[in-house]
Each structure stands twice: as C-alpha cells, then as structure tokens.
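Here is how the chains run, residue by residue.
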Amino acid sequence: MTPDKYIKNYIGGKQIPADSGEYLDSLNPVTGKVYAHFPDSNEQDVQSALSEAQKASRLWMNFELEKRYRILMRLADILEQEMKVFAKSEAIDVGKPYSMAMSVDVPQAYSCLRFYATSLPHYAGQAYYQERHSIHYTIRRPLGVVACFPHWSFSLLSLCQLLAPALVAGNTVLVVAPELTPMSSYLLAKACIAAGVPPGVVNIVYGETARLSEFIFKEPLIQGIAYAGDAALGEKLAKNNQNPFRKTSFSLAAKNPAIIFADCNFHKMIVETLRSSFSNNGQHPYSTSRLLVERTIYESFKEELLKRTQFLKIGDTLSTTTDLGAIISKEKLERLESYITLAELEGGKILCGGKALDLNGDLAEGFFFRPALIEGLEQSSRINQEDIFGPIVTMAPFDNDEEALQMANASPYAKAASIWTQNTGRASKLAERLNAGLVWINSWMLKEDRASFTPFANSGNAPLGGMEALHFFTVKKTIGQPL
C-alpha cells in the first residue's frame, strides 16, 4: 500500500476524481512544498456519495454481526500490517514526528477499530419485567446514513474514532476528509477495499471543509453528524443546523489547565507536563495550555520546565532524534506569532520561544516555531481565553486549593484537565468541581477504551470513547408486550 500523488474520492467502493475534475494542493508543512493533490469536490460529489451510502444502508444494517466483526478486524489488521506506511503519511501530512505516529497514532487507530469490533457480541439491550403483567425490552437501531468530520491534527486516529462506532452500529458513512491532512483518509479508503468493506458503506470526499459542510448540514438524508474540528466553523454549523432534531455532536476547542501542587511527584510531573504542553506542537485536543503551579514550587518548576523546553529538538519529522516537527500551515504559524505579540501587549513575559524558526536545506521553507512559555498574564487575558491550538503555554502561581480551582475554571472551554498531587482526597474533591469532561490525576492521556466522557461549555457536546460513542450512532427503541 503506497500513497499516490493524486488523491481520489472514495465513493461506492471505487476511487474516482471529483465531478469538477479539479484538484487542490496539499502541502508538507516540514518542507512547505506541495506533495500531493486532492479533489476539489462539490455538491454533486456529496450527492453521489450519499446516494451510494443510501443504497448500501439496508444491506449493512442487516449484515450478520459476525461478518461485520470480521470486516472491521481485517481493517484493523491492515492498519497494523501497513503501520509504517500510515505513520510516514501522518508525519508528512501533519508535520509530527514519525516516532510519535508509530507509537501513538497508528496503534491507537487499529486498537480503536478492534475495541468497537469486539464490542459487537456484548452489545445488549435492557429488559424490564413486571410480574404477571408485562415485559419491556430495549433495542438499538442504526441511524442510517451519517456524516463524519475527523480532525486534522490526528487525522487517522480521529477518523477511526468516528468511523468505528458508526460502522459497528450498522450505519453507512460519508466522511469529509480534513483538507489540511487528506492522505491518511485516502490510505484508509484503500484499506477498506482490501478489507472487503461492501461498496457504499464507507464513502470519503475531499475538498474545502467549510463548503462541503454547508451541503451536508442542509441534507435531509443524513440522520447523524459527528464533527471534530475548527471551533469557529463548528460553532457556525451548530447555529445554522437546518435540522435541529437530527443527532449532531461537536468536539471543538479547548484551553486545558494543569493544577500542580507542591506535594506532587516532581520528576514524573515535569516529564508529563513537557509532553502534555508540546506534544504534536501543542496541536492536540488535550494539550495543556495553562499551567497553574503552587507558589512554593513555582520558581523551581519554572526553571526546570524552561530548561527542558529549550532543549526540545525541532526539525525533520522523519528523523529519530526530532522532538517536534512543523506547524500545520503558514497561516497557523503567522497566527501563533500574532498571539505572542498580543501576549506582550497584555503584559505577559515571554520566558522562551515564540518565534518562527528558520532551518536549512530541504526544511528552509517549512513552518517551524519555537515553543513558548509565558508568565504574568491574568486568566481573563485573551491568551488564556482563546483556543490557540499550538505550542504556546502560560504559567501562573496560586496559593490555595480554592484559588487554583477558580483559575482553572476561568475559561469558556471545558474539555480536559490534569491534577498533580499525592493527596488523593484533595485530588478527588477538585476533580469533581473542575469544569472539564475528562480529568487526569497524576497523569496525562491515560487511556481506557471503555471509559467515555463528554466535553461541555464551548468545547462541544460529543460523547467521546466507550459505549457512549456507539450509542450516539443509534436510536433507542422500547418494545413492550403483556404476559
């Protein structure tokens, strides 16, 4: 399995060009140069994909569970067998280190497929028995045709996290591939063909997400939409949704805090905080962007994190020694620079980084940025209130638990948070009161496939992970009969 220079839509089991015959350029952020071309799809392509999905809907809905299980497991096997191909694609597409794609993105993608595939035999309804009177039982049926918008920052993993529960539930799917990172979707389409996914069950179109999403959100045939992506576009789509009774889920922005107490395991905390702050260049839905540190260890924490941040090696994503790759695009790079200017205007002190990095040779035109640590900003500042989605992290001291909680909750977003303390009682009490759908204690990105959560406030409403994600793609029905 190999990437191609010209990507094609995947509709009705075939890879075909866009109706217009036009293509858009896909840039490698590490080199700043075009490395592939993807279809500039229009409404006709969306309609073609929906037509094929509708044709396949009844077939897939009534597919034997054993057959559905085998197909999804084959798809997972192909991802594992072609791991290096997918990992290299992610490194080039997203600008992340190849080592990260090999250790995180691809393994978690095929693990996700297997988790939902193996959930099928255990997916049962509930029964309610009224003695000598009646019995009621519940079943879950697929929605029908659904649309999924994976996020570009983890394009393969995000795609599998949406696709797997939708398919397991018996839906046929239209995927709008991320326009910034189209190659993983294209490779997955090839894997679907090899795995024997019936034509029309999975359909993938490429193009400008904002334009394609408008067609999809006004399409009455689509019974469910799961969107993970740009916050501004997601908020606009939510407001303009023409079918308010259709199931929709949004996974949007974040401004995730970490609360760090003096009694934490300092070494473990500093290692994980560096990772949570700058992994994937801070282009991560669960990145820590606000560090709240107990005042008694604030200076020592700052000194150590500053030293480690400045040692991060930025460069070629295919090198085994690279810690951080490139920012996704020139526009995103310029946006990061504008936030550094804003931070200074708001009274912040730039402790390190915050500037574009010029490299040589093949990397001379790449989009590189030195990670920034900033202190001296109020939680009400724009830097602390807006979703930057990049390697810009603020730091602030606190004096007690209540102050830490108030600072952490001073955000319009409520996706994730971390607490670092060896006082389990304190950690549990704070975790309950934090405005976050997911809270880690003495850890970051601790994974459990069965556990689900829902972000809230401006971070969206998407049920993420576990059986709740599977439930989203179904409708619950109760059947009652007398005894």
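Predicted model, so just to flag it, every value in this text is computed and none were measured.

Overview of empty space enclosed by the protein
Throughout the structure, instances matching the rule amount to three cavities of 30 Å³ or more. Looking at the largest cavity, its volume works out to about 120 Å³. If you go around the largest cavity, you meet 15 residues; those closest to its centre are Ala 254, Gly 282, Ser 289, Asp 387 and Phe 389. In terms of residue class, the lining of the largest cavity is built from five nonpolar, eight polar and two charged.

Quick word on helix 11 (residues 330–345)
For helix 11, spanning 16 residues, the distance from its first C-alpha to its last is 23 Å, which sits close to the expected 22 Å at 1.5 Å a residue. For helix 11, the full list of buried residues reads Leu 333, Leu 336, Tyr 339, Ile 340, Leu 342 and Ala 343. If you follow the buried residues of helix 11, they end up packed against strand 14 (349–352), strand 15 (356–357), strand 16 (368–369), strand 17 (372–375), helix 12 (382–385) and strand 18 (392–398). Phi turns positive, to about 95°, at Gly 347, one or two residues after helix 11.

So, the environment of Ala 451
Among the secondary structure elements, Ala 451 is positioned in the loop between strand 21 (438–441) and strand 22 (456–457). Leave out the neighbours within four places in its chain, and Ala 451 touches Leu 464, Gly 465 and Gly 466.

Notes on the sheet that holds strand 23 (residues 474–482)
Spatially, the three strands line up as an open sheet ordered 5-6-23, and their pairing is antiparallel. What marks the edges here is a single partner per strand, and that holds for strand 5 (127–130) and strand 23. With strand direction ignored, the average angle separating the axes of adjacent strands in the sheet is 20°. Both strand 6 (residues 134–142) and strand 23 contribute to a ladder of nine bridges, which runs antiparallel. Residue Tyr 137 lies in a different strand from strand 23, and its bridge partner there is Ile 479.

Quick word on the sheet that holds strand 12 (residues 256–260)
Across the sheet, which stays open at both edges, the seven strands sit in the order 14-17-18-13-12-20-21 with mixed pairing between neighbours. Where the open sheet ends on each side, the last strands, each with one partner, are strand 14 and strand 21. Averaged over neighbouring strand pairs, the angle between their axes works out to 25° when direction is ignored. Both strand 12 and strand 13 (residues 288–294) contribute to a ladder of five bridges, which runs parallel. Its bridge partner being in strand 13, Ile 260 is matched across the sheet by Val 293. On the sheet, helix 10 (residues 295–310) packs against strand 12, strand 13, strand 14, strand 17 and strand 18 and is oriented at approximately 140° with respect to strand 13.

About the criteria used
- Residues numbered from 1 in each chain as written.
- Predicted model: local features only at pLDDT ≥ 70, side-chain atom pairs only at ≥ 80, totals over all residues.
- Heavy atoms only, no water.
- 1 Å grid on protein atoms, 1.4 Å probe; cavity = no way out; pocket = protein on both sides within 12 Å on 5 of 7 lines; lining within 4 Å.
- Points joined across faces, edges and corners; volume = space filled by probe spheres on them.
- Nonpolar A, V, L, I, M, F, W, Y, C, P; charged D, E, K, R; others polar.
- Helix = DSSP H or I, 4+ residues; strand = E, 2+ residues; numbered from the N terminus.
- Expected span 1.5 Å × (residues − 1).
- Buried < 20%, exposed > 50% of the residue type's maximum accessible area, 1.4 Å probe, protein only.
- Contact = heavy atoms within 4.5 Å.
- Pairing = 2+ DSSP bridges.
- Axes fitted to C-alpha atoms, helices over the stretch in contact; angles between N-to-C directions.

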